[in-house]
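Given next are the chains, with one letter for each unit.
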Amino acid sequence: MIGSYQLYPSDCIEGAHKYIADNSVDLIITDPPYGIEANKLHRHYHRHEEKVINGYVEIPREKYPSFSNKWIKEAERILRPGGSLYVISGYSNLADILNALQKTDMEEKNHIIWKYNFGVHTQKKYISSHYHILYYTKPGAKVTFNTYTRFGPAEKDNENGSLNYQDREDVWIINREYKTGEIRNKNELPTKLIIKIMQYSSMEGDLVVDFFLGGFSTAKVAIGLNRKIIGFEVNKRSYDHHIKEIEILKPGYLIPNLRESNGKVPVNQRKRWSEPERKKLKKRFLEIYKKIKHKRETIRILEKEFGRGYFSILNQIERMDNPIGD
Ligand SMILES: C[S@@+](CC[C@H](N)C(=O)[O-])C[C@H]1O[C@@H](n2cnc3c(N)ncnc32)[C@H](O)[C@@H]1O
């Protein structure tokens, strides 16, 4: 059922083994424990702990490599061919996670840098204010990647930059949520970040899995976007607190607030340029450019006339024999 959930107060490796069939999951988004004594993280972040739920379960450093191998192997097993995996990781144990991923048959798509606010405060070196998001897919079938779900190909910012291009760059600047007064888990992921991943890499009704629920942020977004969710949290105190928040959520509650993309794809996108079309482009480019003397604006006009994207036209013009003589 759309927006349905199965969330278990159990270890993720045992839980996945017991409850999730092979090749059945469309998307995994997960944020494993850091293996750096998260119980002391507040010292770095200069924050008050009285509102933070106790009992974050850490993985001892020496067990981190084998622990990563085990849960990542399980992730590969449950992912359907063409399914996607996003692992969010700090720097300290990143090498172990990368090693574990390299032992699988999954393919690396992107290594995304997530830059956030409230970085780890330091005096005598640079302030650490980013995480790594490792985006992998399981080969064997078509991967869901909804290129224009958030910004259409022709949508621009005030300086005429492509919003779609900017949104799909592999450095994401997304602030953490500052939840004053609310009871929360350690290091909850921002809702905006999870929405972004789910929009690009899943469809309504798809099954999403989170191995390490923490504050249940993935589960909340999955329900809010009409995805199904299965997840695990071994900290019973955290589980008991957050499951109550889940029970009152309405499936699809986030959808009315999503930005509507103008996802129109240029009519001739991906069609080969014919010789007559190239000649016509050159003629029209020179006519318009002579009048407005602005290359980018000229291309914008030609985008509509030729039903092609900006870069496709730019590419053709750059191949022409110095059409504007610069
Ligand atoms: C980094 S936090 C996840 C934060 C979460 N993404 C959020 O947005 O709130 C990692 C969580 O994994 C839990 N955990 C540790 N070992 C686990 C295991 N073997 N199975 C399930 N959960 C585990 C920890 O208690 C902690 O809450």
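Residues numbered from 1 in each chain as written. Predicted model: local features only at pLDDT ≥ 70, side-chain atom pairs only at ≥ 80, totals over all residues.

(A) Main features of the overall build of the chain. Tallying secondary structure elements over the chain gives 11 helices and eight strands in all. Each of the 326 residues in the chain was classed as buried or not, and the buried ones make up 32%. Looking at the chain alone, contacts between residues at least 24 apart form 73% of all its contacts between residues at least 6 apart. (Helix = DSSP H or I, 4+ residues; strand = E, 2+ residues; numbered from the N terminus. Buried ≥ 20, exposed ≤ 12 C-beta atoms within 10 Å, placed from the backbone. Contact = placed C-beta atoms within 7 Å.)

(B) Molecular detail of unusual backbone geometry. Unlike most non-glycine residues, Arg270 shows phi in positive territory, near 75 degrees. You can see Arg270 is positioned in the loop between α8 (236-247) and α9 (275-292). Positive phi, normally seen in glycine, also occurs at Lys293, with a value near 50 degrees. Here Lys293 lies in the loop between α9 and α10 (295-306). Assessed through the 10 C-beta atoms surrounding it within 10 Å, Lys293 is described here as exposed.

(C) Looking closely at the nonpolar core. The biggest cluster of nonpolar side chains holds 43 residues, and the ones touching the most others in it are Ile28, Ala75, Leu85, Met198, Val208, Val209 and Ala222. No other element matches the five residues that strand β3 (residues 79-89) contributes to this core. Setting aside chain neighbours within four positions, we find Met198 in contact with Leu27, Val208, Val221, Ala222, Leu225 and Arg227. Counting residues in each nonpolar core, the second largest holds six residues, with Leu281, Phe285, Ile299 and Phe306 among its members. (Core = buried A, V, L, I, M, F, W, Y, C linked by C-beta atoms within 7 Å.)

(D) Here's a closer look at helix α6 (residues 191-201). Leu193, Ile194, Ile197, Met198 and Ser201 are the residues of α6 that are buried. When α6 is viewed along its axis, its buried side chains cluster within an angular range of 125 degrees and face the same direction. (Arc of directions from axis to C-beta.)

(E) Expanded view of the packing of α9 against α10. Contact pair α9 / α10: the axes reach a minimum separation of 9 Å and the direction vectors enclose 135 degrees. As judged from the angle between their axes, α9 and α10 are oblique. For the element pair α9 and α10, the recorded crossing hand is right-handed. For the pair α9 and α10, the contacting residues are Leu281, Arg284, Phe285, Ile288, Tyr289 and Ile292 in the first and Lys295, Glu297, Thr298, Ile301, Leu302, Glu305 and Phe306 in the second. Here the residues of the contact of α9 with α10 sort into eight nonpolar, one polar and four charged. (Axes fitted to C-alpha atoms, helices over the stretch in contact; angles between N-to-C directions. Parallel < 35°, antiparallel > 145°, perpendicular 65-115°, else oblique. Left-handed = near helix turned anticlockwise from the far one by under 90°. Nonpolar A, V, L, I, M, F, W, Y, C, P; charged D, E, K, R; others polar.)

(F) Layout of the environment of Arg308. Looking at where Arg308 falls in the secondary structure, it is placed in the loop between α10 and α11 (310-319). Classification of Arg308 by C-beta neighbours within 10 Å gives buried; the count is 24. Spatially, the C-alpha atoms of Arg308 and Val267 are 6.8 Å apart, while their sequence positions differ by 41 residues. Those residues in contact with Arg308 that lie beyond four places of it in its chain are Pro266, Asn268, Gln269, Glu303 and Ile313.

(G) Spotlight on the sheet that holds strand β8 (residues 228-232). Pairing in this open sheet of eight strands is mixed, and the strands run β1-β8-β7-β2-β3-β5-β4-β6 from one edge to the other. Unpaired on one side and paired on the other, β1 (5-8) and β6 (171-173) mark the two borders of the sheet. Adjacent strand axes in the sheet meet at a mean angle of 15 degrees, parallel and antiparallel pairs treated alike. Of the pairings in the sheet, the one linking strand β4 (residues 107-120) to strand β5 (residues 128-137) comprises nine bridges and is antiparallel in character. Considered in β5, the bridge of His111 is made with Leu134. Contacting β2 (25-30), β3 and β7 (207-210), helix α3 (residues 64-78) crosses the sheet at an angle of about 150 degrees to β3. (Pairing = 2+ DSSP bridges.)

(H) Structural context of the pairing of β7. Residues Leu207 and Val209 of β7 are buried on one face, and the alternating residues Val208 and Asp210, pointing to the opposite face, are buried as well. Pairing of β2 with β7 involves two bridges; the strand directions are parallel. From the neighbouring strand, Leu27 faces β7, where its bridge partner is Val208. Note: β7 against β8, four bridges, orientation parallel. Bridging across to β8, Val208 finds its partner in Ile229.

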